[in-house]
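Results of the structural survey
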Amino acid sequence: MTTLLIRNADLLVTMDDADRRIPDGGLFARDGVIEQVGPSTTLPAHAERVVDARGMILLPGLVNTHHHLYQTLTRAVPAAQDATLFQWLKTLYPIWANLTPEAVYTSALVGLAELLLSGCTTASDHLYIYPNGCRIDDEIRAAQEIGIRFHASRGAMSLGESKGGLPPDRVVEEEPFILKDTQRAIETYHDANRYAMLRIVVAPCSPFSVTPDLMRESAALARACGARLHTHLAETLDEEQFCLAQFGRRPVEYAEDLGWVGDDVWYAHGVHVNGPEIGLLARTGTGVCHCPSSNMRLASGIAPVRAYLDAGVRVGLGVDGSASNDSSHMLAEARQALLLQRVGGNPAALSAREALWLATRGGAAVLGRDDIGALAPNMAADCIAFRLQRLDYAGALHDPLAALVFCTPQRADLVVVAGRVVVEDGHLMTVDLGPVIERHNRIAREMVSS
């Protein structure tokens, strides 16, 4: 049995239902599960691993509910810098067609390292393109090596240009193979148990890249296997026009027709929705991942997060692809979420606490997990800490929790996943990043120049 004691944090923020904030706080965990949370004086005196969090704020690990790790290879590509989503995709699809298993693995290490260093302890990634022998297994290997809690979404594209879809035919797969390989991934990797480190998600890419048949059959497969469902939806007006032209339905209406609503479903983006559609998502328990940086980068619009929350829709945060965000920093995403809701004129549209709630408890709910997102007994020992005595927070310690969001986003000084210290003193402990970055940049150059 392994034990962990973290003590003497200047402030411990639980994010539990009582929203407790504990000065001089800490926690005690055994085998990756929290047993005690409270003032340091009330905790056991000894453990196999003891961390002194003096001078830090301690809070639950952040939860990223949508990403495309492979896109770290195509950041800031000149031809895609000033494009809308459809233009951006058409520019990058031919480059992504050069992906290899090594490229998927290496890009996953890079993106997951960024996430961990930003304080993210649970990540969901959406891999939907599989050229040249690539498999979901390639990024799963990276996640297991680096030590993050991981939801691997086995995405898919089957509707090529010749059949009226957006992607070129050479990057789509046949639907029988998609379903077969998705089932293989579930049977090989999916862990439905509490505190699972790895789960598989069934995730056809989008309404403009798969057929209605694949959407229906994917939903049936997921529900038969006890897996969750994920897709892009209502991201842009181009997508809305595509759905109206092809299916005679707005995106959310189309999803409802296909059985893609329910508490086992979440959408990425959800930007262009109306009042009745928000009500539908609330009634059915359907979740939404808000991706503010990506939505701004591609000029997609502003998701109605305040309206979602007021209606009771489950909302989490996602950094989205590193080619439409160009970063994988969850704390930065929380800050952008706060600012973007306020830009419409309401300075109280989203508070710092709400932004961090979306990044912790909100994300956990979207992923269907009640074992992460808060620091409390019987929760997973996933926590992060930031040093407060730094230039970036000078003058902001009237409210240390708000400082994390309002001030320039910082890297975490301590990151613990399942009771294991994976970032210490701001350094990743599980992977030597130097060779990974060098290999990553070589692959990126080769892909873009091919």
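Now for a quick tour of the structure.

Reading the values: rules and limits
Residues numbered from 1 in each chain as written. Predicted model: local features only at pLDDT ≥ 70, side-chain atom pairs only at ≥ 80, totals over all residues. Heavy atoms only, no water. Core = buried A, V, L, I, M, F, W, Y, C linked by side-chain atoms within 4.5 Å. Buried < 20%, exposed > 50% of the residue type's maximum accessible area, 1.4 Å probe, protein only. Contact = heavy atoms within 4.5 Å. Salt bridge = Lys/Arg side-chain N within 4 Å of Asp/Glu carboxyl O. Helix = DSSP H or I, 4+ residues; strand = E, 2+ residues; numbered from the N terminus. Pairing = 2+ DSSP bridges. Arc of directions from axis to C-beta.

If you look at the biggest cluster of nonpolar residues, it comprises 128 residues, and the most contacted ones within it are W88, W96, L99, I148 and F150. Apart from residues no more than four positions distant in its own chain, W88 is found in contact with Q71, A80, A83, W96, R297, L298, A323 and S324. Within the second largest apolar cluster, 23 residues are counted, among which are L4, I34, V51 and A376.

Right, let's talk about the pattern of salt bridges for a bit. Across all of its chains, the model carries 32 salt bridges by this definition. Here E114 makes a salt bridge to R75, at a shortest N to O gap of 2.3 Å. Of this pair, E114 sits in helix α2 (residues 101-117) while R75 sits in the loop between β6 (62-64) and α1 (85-96), placing them 39 residues apart in sequence. The closest approach of N and O atoms between D181 and R184, which form a salt bridge, is 2.7 Å.

The two faces of strand β15 (residues 414-417) match: L414 and V416 on one face and V415 and V417 on the other face are all buried. In this structure, strand β14 (residues 383-387) lies alongside β15, joined through 3 bridges in antiparallel fashion. Its bridge partner being in β15, C383 is matched across the sheet by V416. Two strands pair when backbone bridges link them, and β15 and strand β16 (residues 420-424) are joined in this way by 4 bridges, in the antiparallel orientation. Looking at β16, one finds that V416 is bridged to V421.

A few words on helix α8 (residues 275-284). Among the residues of α8, E277, I278, L280 and L281 are the ones counted as buried. Projected down its long axis, α8 carries its buried residues within an arc of 155°, all on one side. Projecting away from the buried face of α8 at angles above 90 degrees are the exposed residues P276 and R283. Of the surrounding elements, those touching the buried residues of α8 are α7 (251-257), β11 (265-269), β12 (287-290) and α10 (305-311). Directly after α8, the chain includes G285, whose backbone phi takes a positive value near 75°.

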